[in-house]
Amino acid sequence: MPRIAVNGVELFHEVTGDGDPLVLVHGSWADHDTWALVLPALAARFRVLVHDRRGHSLSERPGQGTRFEDEEDLAALMEALGLAPAYVAGNSFGASTALGLAARRPELFRGLLAHEPPLMGIVTDAPDMLPLMAASAERIQAVVTHLRAGETLAGARMFMDEVALGPGAWEQMPEQARETFLRNADTFADEQADPQWADLDLDGLSRYTGPVLLTQGTESPPFFAAIIARLSGALPQARTHAFPGAGHIPHVTHPDAYAERVIGFVEECRRRDPR
């Protein structure tokens, strides 16, 4: 089992394929296996790194962590494996992690792809979004309450059915994916305990001048569109894309479309800067 010690924690990781380095950063509850459906297509073109963020699945569980620690882990892992600078694609909390790192360590990135980072803290001045975000925050708090009470299954089911994807989503998940969610449930509660989990230094991010693709699903809650718009304001070079019919995890529900978009983004970056 390949693990490497960075920042005082051992992280599980896998590197497959050849070519330009591409790093995939998973979201909450998940692990490296969330990328399984897109990995073959991406590894056929790139040298792809997947890993389990601290506390998740096969990585070490040192106790409650913060997104800043995830960012530092990501930087250290890329450098230790000789993959920096790399193209970095993140989903959900993984997208927040990648954006946070880009704001502080832009030299680590050849390009950045972020799908629906839940950075609700950067759109608190959008009055039309406040009721939706308040309702979402209330449901998330109910999930955390279940988890803190040891009601892991109830919390995981509520998250999938009432926060992430919609009614019936939990029952439609493959058994292996449900087991992963239950195994990593405590990490979601820890993430929510981080007072900075939903915020981002937009001024710092604006100093990142590399290529960016910000994506969302057409079936996702509308506050993600507001978040993408605010990020686009800080990153005028960013392009945006909406995956038709998709929601929060297009790499799982629409893997061909997701892989095609990632490949197209990297190839366009190469044409602009063939170094």
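Look up: the structure comes first, before these words.
Residues numbered from 1 in each chain as written. Predicted model: local features only at pLDDT ≥ 70, side-chain atom pairs only at ≥ 80, totals over all residues. Heavy atoms only, no water.

What follows covers the nonpolar core. W29, F159, I227 and L231 are the most contacted members of the largest nonpolar core, which has 66 residues in total. Ranked by residue count, the leading element in this core is helix α3 (residues 93-104), at seven residues. When sequence neighbours within four positions are dropped, the list of residues in contact with F159 reads W29, V143, A164, F181 and F188. Residues V50, A89, L213 and F265 belong to the second largest nonpolar core, which totals 23 residues. (Core = buried A, V, L, I, M, F, W, Y, C linked by side-chain atoms within 4.5 Å. Buried < 20%, exposed > 50% of the residue type's maximum accessible area, 1.4 Å probe, protein only. Helix = DSSP H or I, 4+ residues; strand = E, 2+ residues; numbered from the N terminus. Contact = heavy atoms within 4.5 Å.)

Further remarks concern the sheet that holds strand β5 (residues 86-91). Two orientations exist for strands paired in a sheet by backbone hydrogen bonds: parallel and antiparallel. Spatially, the eight strands line up as an open sheet ordered β1-β2-β4-β3-β5-β6-β7-β8, and their pairing is mixed. In this open sheet, the two edge strands, each paired with only one partner strand, are β1 (3-6) and β8 (239-243). Between one strand axis and the next, the sheet turns by 25 degrees as a mean value, whatever way the strands run. Pairing of β5 with strand β6 (residues 109-115), which is carried by six bridges, proceeds in the parallel orientation. Considered in β6, the bridge of G90 is made with A114. Each of β3 (21-25), β5 and β6 is contacted by α3, which is oriented at about 145 degrees to β6, the strand it contacts most. (Pairing = 2+ DSSP bridges. Axes fitted to C-alpha atoms, helices over the stretch in contact; angles between N-to-C directions.)

Burial analysis of helix α8 (residues 185-193) places seven of its nine residues in the buried class, which makes it a mostly covered element. For α8, every residue scored as buried is listed here: A185, T187, F188, A189, D190, E191 and Q192. Turning to α8, the residues buried within the fold contact α3, α4 (130-148), α5 (152-164) and α7 (175-183).

Following both chains from N to C, one finds α4 and α8 inclined at 125 degrees, their axes separated by 9 Å at the closest point. If you check the angle between α4 and α8, you find them oblique. Considering the relative orientation of α4 and α8, their crossing is left-handed. For the pair α4 and α8, contact is made by I140, V143, V144, L147 and R148 and by A185, F188, A189, D190, Q192 and A193, respectively. For the contact of α4 with α8, a count of residues per class yields eight nonpolar, one polar and two charged. (Parallel < 35°, antiparallel > 145°, perpendicular 65-115°, else oblique. Left-handed = near helix turned anticlockwise from the far one by under 90°. Nonpolar A, V, L, I, M, F, W, Y, C, P; charged D, E, K, R; others polar.)

Our next topic: unusual backbone geometry. Looking along the chain, the bond that leaves A84 and enters P85 is cis, with omega of 0 degrees. You can see P85 is positioned in the loop between α2 (67-80) and β5. A positive phi angle, close to 50 degrees, is found at N7, a residue other than glycine. Tracing the backbone shows N7 in the loop between β1 and β2 (9-16). Not every positive phi belongs to a glycine, and W29 is a case in point at roughly 70 degrees. Following the sequence through the fold, W29 ends up in the loop between β3 and α1 (39-43). Residue W29 is classed as buried on the basis of its relative accessible area of 0%.

Most of β3 sits out of view: five of its five residues are buried. The side-chain alternation of β3 yields two buried faces, one formed by P21, V23 and V25 and the other by L22 and L24. Pairing between β3 and strand β4 (residues 47-51): four bridges, direction parallel. Of the residues in β4, the one forming a bridge with V23 is L49.

We now examine α5. The axis of α5 is deflected most strongly, by about 25 degrees, at M158. Listed as buried for α5 are G155, A156, M158, F159, M160, D161, V163 and A164. Turning to α5, the residues buried within the fold contact α4, α6 (169-172), α7 and α8. Looking one or two residues beyond α5, the residue adopting positive phi is G166, at roughly 125 degrees. (Bend = angle between axes of the 7 residues up to and from the residue.)

Our next topic: the side chain of H115. Within the secondary structure layout, H115 lies in strand β6. For H115, a relative accessible area of 1% corresponds to the buried category. Other than its neighbours up to four places away in sequence, H115 contacts G90, N91, S92, A95, T215, Q216, G217, F243, G247, H248 and P250.

This structure, assessed with the given rule, holds 20 salt bridges. Residue R270 is joined to D20 by a salt bridge in which the shortest nitrogen-to-oxygen separation is 2.7 Å. In this pair, R270 is assigned in helix α12 (residues 255-272) and D20 in the loop between β2 and β3, connecting sequence segments 250 residues apart. A salt bridge links R104 to E71; its shortest N-O distance comes to 3.0 Å. Placement of the pair is R104 in helix α3 and E71 in helix α2, with a sequence separation of 33 residues. Judged by relative accessible area, E71 falls into the buried class, the value being 3%. One network of salt bridges, in which partners are shared, links R67, E71, E72 and R104. (Salt bridge = Lys/Arg side-chain N within 4 Å of Asp/Glu carboxyl O.)

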